[in-house]
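Given next are the chains, with one letter for each unit.
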Amino acid sequence: MQAAEITAADLPPLPTRRGFAKWYSQPVVQVCLIAMVCFLCPGMYNALSGIGGGGQVDPKASNDGSVALYSTFAATSFFSGTLCNRLGARLTLGVGAAGYALYIGAFLSYNINQNSGFVVAAGALLGVCAGMLWTAQGSMTLAYATESTKGRLFALFWMIFNMGAVLGSAIELGLTYDSEASTVSNSVYAAFLAIAAIGAFIPLILVSPGLMVRVDGTRVVVPVHPSWKTEIVGLYRCLRYNVWIILLFPYFLSSNWFYTWQFNSYNGALFTLRTRSLNSMLYWLFQVFASLAFGVAIDSTRFRRVNRAWGGLVFVTALCMAVWGAAYHFQKGYTRADLAEPRAAEFARIDFKDAGYANHVVLYIFMGIMDAIWQNFAYWLMGAMSNDASQLAYLVGFYKAIQSAGAAGVFRMDSNLAPYMTELAVSWGLNAAGILFVIPVILLRVTDRTDEAVVTADEVPTVVASSALEKEGSLDEKKGSMA
């Protein structure tokens, strides 16, 4: 390996920290604060999405808004790693968080005046913001972790983040418990709007990533004022020298695809409003436990990292096939035509007090568990490839871009009234394809240790090149591609 010497001037000096300041600057505390941003912003979005149709009886407006959202999300995410490295992770996270309150406000407006155009426009803007938020979140969370804690630190983030959706769903359940309507009330949207607005200000109190020190004493290196040209070249080189990432695109594509069938075609189609809220709360609550258990297991030092990768893939495969097999069993009992006129009046939606509800909700809980583990495994795989925060920003950006392109496609599919069984079959098939393409990545790319950027708190640090990307070009280019 080649090493490149850089001077102390290339990194900001560390302030003297004692007491609260020392505790506050710990990686675990900062990850918790990042998670709180997602607790308050994407968490409220997930609570609305989880009950199907954004809380509306007719999912048309929600689907159209989601198509716009995920289309711009996909386009922005491809370059969001560049934006994150150029603007800084804190600013990128803050700008990204601001879009969620507007989107929730658009549904409040729709409840009052049926202005679907506002929902679509707000969705398009949120897509840009979400691409920025998730790239900043992913790069910071993975960069702050050491080799042995990436699974657990991301699991901690995922737990706190999903508790936001649990809280939101509990609010929905409380406000709709005695309601016979199939659309959530203005008070629900107003409460979510206020909560999401608070979350947009948390990035202001985060410690600068350039001043972060990991628990093993190594510094987190951020790009030193990279130019736009440097970042665009870095994005190109990341793809050129990490062609393996293309093999993960099917896994990324399917990671949000199944939401549409789960939220709209299952929860939104089969259940009463208050039961949809309860189901959503349980869906996100069990993600908390699943992400914790998976994060601890995937970081276990009892086994080599390569063996943990294979074990994780086997578990993901078994869980995925079991969930979709059970989903197929229930899907055979109803069609989209059953919910359309003139048969809609005869279709009895399931309430949590009805016989047979338990079987349906258990399946929905396992859908949530599958989602948590699918996403956690994706982030763990990326974290196993690199410790370089700017490189991770590119990788997370690719992940969110492909993921969002898939979501845009399936929401359009649902908006065009594709049969529920077709949506299920495509979702199942994409999950299976994604799993197959992970196999060569583990074979060829996952090792027991990642060559990492090693920067201690000493006055003159040394950076060890961790990829062909860092071995290329001049020292200035290297500084621009490191984080």
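Residues numbered from 1 in each chain as written. Predicted model: local features only at pLDDT ≥ 70, side-chain atom pairs only at ≥ 80, totals over all residues. Heavy atoms only, no water.

## Remarks on the overall build of the protein chain
So, point 1. Secondary structure summary: the protein chain contains 18 helices and two strands in total.
So, point 2. Each of the 483 residues in the protein chain was classed as buried or not, and the buried ones make up 59%.
So, point 3. Nonlocal contacts in the protein chain, meaning residues at least 24 apart in sequence, comprise 86% of its contacts between residues at least 6 apart.
So, point 4. Carbon and sulfur atoms make up 66% of the accessible area of the protein chain, which amounts to about 18000 Å² in all. (Helix = DSSP H or I, 4+ residues; strand = E, 2+ residues; numbered from the N terminus. Buried < 20%, exposed > 50% of the residue type's maximum accessible area, 1.4 Å probe, protein only. Contact = heavy atoms within 4.5 Å. Areas by Shrake-Rupley, 256 points an atom, 1.4 Å probe, with all protein chains shown as cover.)

## As for helix 2 (residues 27–40)
So, point 1. With 14 residues, helix 2 should reach 20 Å at 1.5 Å per residue; the first-to-last C-alpha distance of 20 Å fits that figure.
So, point 2. Within helix 2, eleven of the 14 residues are buried, leaving the element largely enclosed by the surrounding structure. (Expected span 1.5 Å × (residues − 1).)

## Focus: the environment of Leu 69
So, point 1. Assignment of secondary structure puts Leu 69 in helix 4 (residues 60–87).
So, point 2. A relative accessible area of 3% means that Leu 69 is categorised as buried.
So, point 3. A C-alpha to C-alpha distance of 4.3 Å links Leu 69 and Gly 127, two positions 58 residues apart in sequence.
So, point 4. Dropping the residues within four chain positions of it, Leu 69 is found in contact with Tyr 45, Tyr 103, Gly 123, Ala 124, Leu 126 and Gly 127.

## Some remarks on the nonpolar core
So, point 1. By size, the foremost hydrophobic cluster in this structure holds 134 residues, and its most contacted members are Tyr 100, Trp 134, Phe 157, Phe 252, Trp 261, Tyr 266 and Phe 377.
So, point 2. Two domains share this core, each providing at least three of its residues, namely domain 1 (21–225) and domain 2 (233–451).
So, point 3. Residues contacting Trp 261, with those up to four places away along its chain left out, are Tyr 266, Trp 324, Ala 327, Gln 331, Tyr 334, Met 367, Tyr 420, Glu 423, Leu 424 and Ser 427. (Core = buried A, V, L, I, M, F, W, Y, C linked by side-chain atoms within 4.5 Å. Domains from an automatic or database assignment.)

## Thoughts on the packing of helix 2 against helix 6 (residues 116–144)
So, point 1. Their axes nearest at 10 Å, the elements helix 2 and helix 6 cross at an angle of 160 degrees. If you check the angle between helix 2 and helix 6, you find them roughly antiparallel. For helix 2 against helix 6, the interelement crossing comes out left-handed. When helix 2 is examined against helix 6, the residues Pro 27, Gln 30, Val 31, Ile 34, Val 37 and Cys 38 are found in contact with a partner set consisting of Leu 133, Trp 134, Gln 137, Met 140, Thr 141 and Tyr 144.
So, point 2. The class makeup of the residues in the contact of helix 2 with helix 6 is nine nonpolar, three polar and no charged. (Axes fitted to C-alpha atoms, helices over the stretch in contact; angles between N-to-C directions. Parallel < 35°, antiparallel > 145°, perpendicular 65-115°, else oblique. Left-handed = near helix turned anticlockwise from the far one by under 90°. Nonpolar A, V, L, I, M, F, W, Y, C, P; charged D, E, K, R; others polar.)

## Some words on the confidence of the model for the protein chain
So, point 1. Predicted confidence across the protein chain gives a mean pLDDT of 80, with 82% of residues reaching 70 or more.
So, point 2. By mean pLDDT, helix 17 (residues 468–471) is the weakest element of the protein chain at 32, and helix 13 (residues 305–331) is the strongest at 94.
So, point 3. Per-residue pLDDT stays below 50 along residues 1–8; that stretch engages in 22 contacts with residues further than four places along the chain or on separate chains.
So, point 4. Long-range and interchain partners of residues 452–483, a stretch whose pLDDT sits below 50, account for 98 contacts in this model, where long-range means more than four residues apart. (pLDDT = per-residue confidence, 0-100.)

## Considerations on helix 16 (residues 420–444)
So, point 1. With 25 residues, helix 16 extends 38 Å from end C-alpha to end C-alpha; this agrees with the ideal 36 Å at 1.5 Å per step.
So, point 2. When we look at burial in helix 16, the residues that qualify are Tyr 420, Glu 423, Leu 424, Ser 427, Asn 431, Gly 434, Ile 435, Val 438, Val 441 and Ile 442.

## Here's the deal with the packing of aromatic side chains
So, point 1. All chains considered together, the criterion is met by 36 aromatic pairs.
So, point 2. With centroids separated by 4.2 Å and ring planes inclined at 25 degrees, the aromatic side chains of Phe 154 and Tyr 379 adopt a geometry described as stacked. With a gap of 225 residues between them, Phe 154 in helix 7 (residues 150–176) and Tyr 379 in helix 14 (residues 357–385) connect regions that are remote in the sequence. Each member of the pair Phe 154 and Tyr 379 is classed as buried.
So, point 3. Between the aromatic rings of Phe 263 and Trp 284, the centroid separation amounts to 6.0 Å while the plane-to-plane angle is 55 degrees, which identifies the pairing as tilted. Note that Phe 263 is positioned in helix 11 (residues 258–270) and Trp 284 in helix 12 (residues 273–298), a separation of 21 residues in sequence. For the pair Phe 263 and Trp 284, a shared accessibility class is recorded, and that class is buried.
So, point 4. Taking NZ or CZ as reference, Lys 400 lies 4.8 Å from the ring centre of Trp 134, over its face. (Phe/Tyr/Trp six-rings, centres within 6.5 Å; stacked < 30°, edge-to-face > 60°. Lys NZ or Arg CZ within 6 Å of the ring centre and 35° of its normal.)

## So, the pattern of salt bridges
So, point 1. Under the criterion given, the structure shown has five salt bridges.
So, point 2. Here Asp 64 makes a salt bridge to Arg 412, at a shortest N to O gap of 3.9 Å. Taken together, the positions of Asp 64 in helix 4 and Arg 412 in helix 15 (residues 389–415) put the pair 348 residues apart, joining distant regions of the chain.
So, point 3. A relative accessible area of 35% means that Arg 412 is categorised as partly exposed.
So, point 4. For the salt bridge of Asp 299 with Arg 152, the shortest nitrogen-to-oxygen distance reads 3.6 Å. (Salt bridge = Lys/Arg side-chain N within 4 Å of Asp/Glu carboxyl O.)

## Concerning a nonpolar patch on the surface
So, point 1. Taken together, the side chains of Leu 436, Phe 437, Ile 439, Leu 443 and Leu 444 present a nonpolar region at the surface, about 530 Å² in accessible area.
So, point 2. Secondary-structure assignment places Leu 443 in helix 16.
So, point 3. For Leu 443, a relative accessible area of 58% translates into the label exposed. (Patch = residues over 30% accessible without salt bridge, like charges linked within 9 Å, V, L, I, M, F, W, Y side chains within 5 Å.)

## Focus: the environment of Met 163
So, point 1. Note that Met 163 resides in helix 7.
So, point 2. On a C-alpha basis, the gap between Met 163 and Val 288 in space is 7.1 Å, while along the polypeptide they are 125 residues apart.
So, point 3. Look past the residues within four positions of Met 163 in its chain and what remains in contact with it is Phe 39, Leu 285 and Val 288.

## Brief notes about the packing of helix 11 against helix 14
So, point 1. Look at helix 11 against helix 14: their axes get within 12 Å of each other, and the N-to-C directions meet at 165 degrees. The angle between the axes of helix 11 and helix 14 places the two elements in the roughly antiparallel class. Here the hand of the crossing between helix 11 and helix 14 comes out left-handed. Two secondary-structure elements touch here, helix 11 through Phe 258, Tyr 259, Trp 261, Gln 262, Phe 263, Tyr 266, Asn 267 and Leu 270 and helix 14 through His 360, Leu 363, Tyr 364, Met 367, Met 370, Asp 371, Trp 374 and Gln 375.
So, point 2. When its residues are assigned to classes, the contact of helix 11 with helix 14 shows eleven nonpolar, four polar and one charged.

## Describing unusual backbone geometry
So, point 1. Despite not being glycine, Gln 114 has its phi angle at roughly 60 degrees, a positive value.
So, point 2. Examined against the element boundaries, Gln 114 turns out to sit in the loop between helix 5 (89–113) and helix 6.
So, point 3. Judged by its relative accessible area of 48%, Gln 114 is partly exposed.

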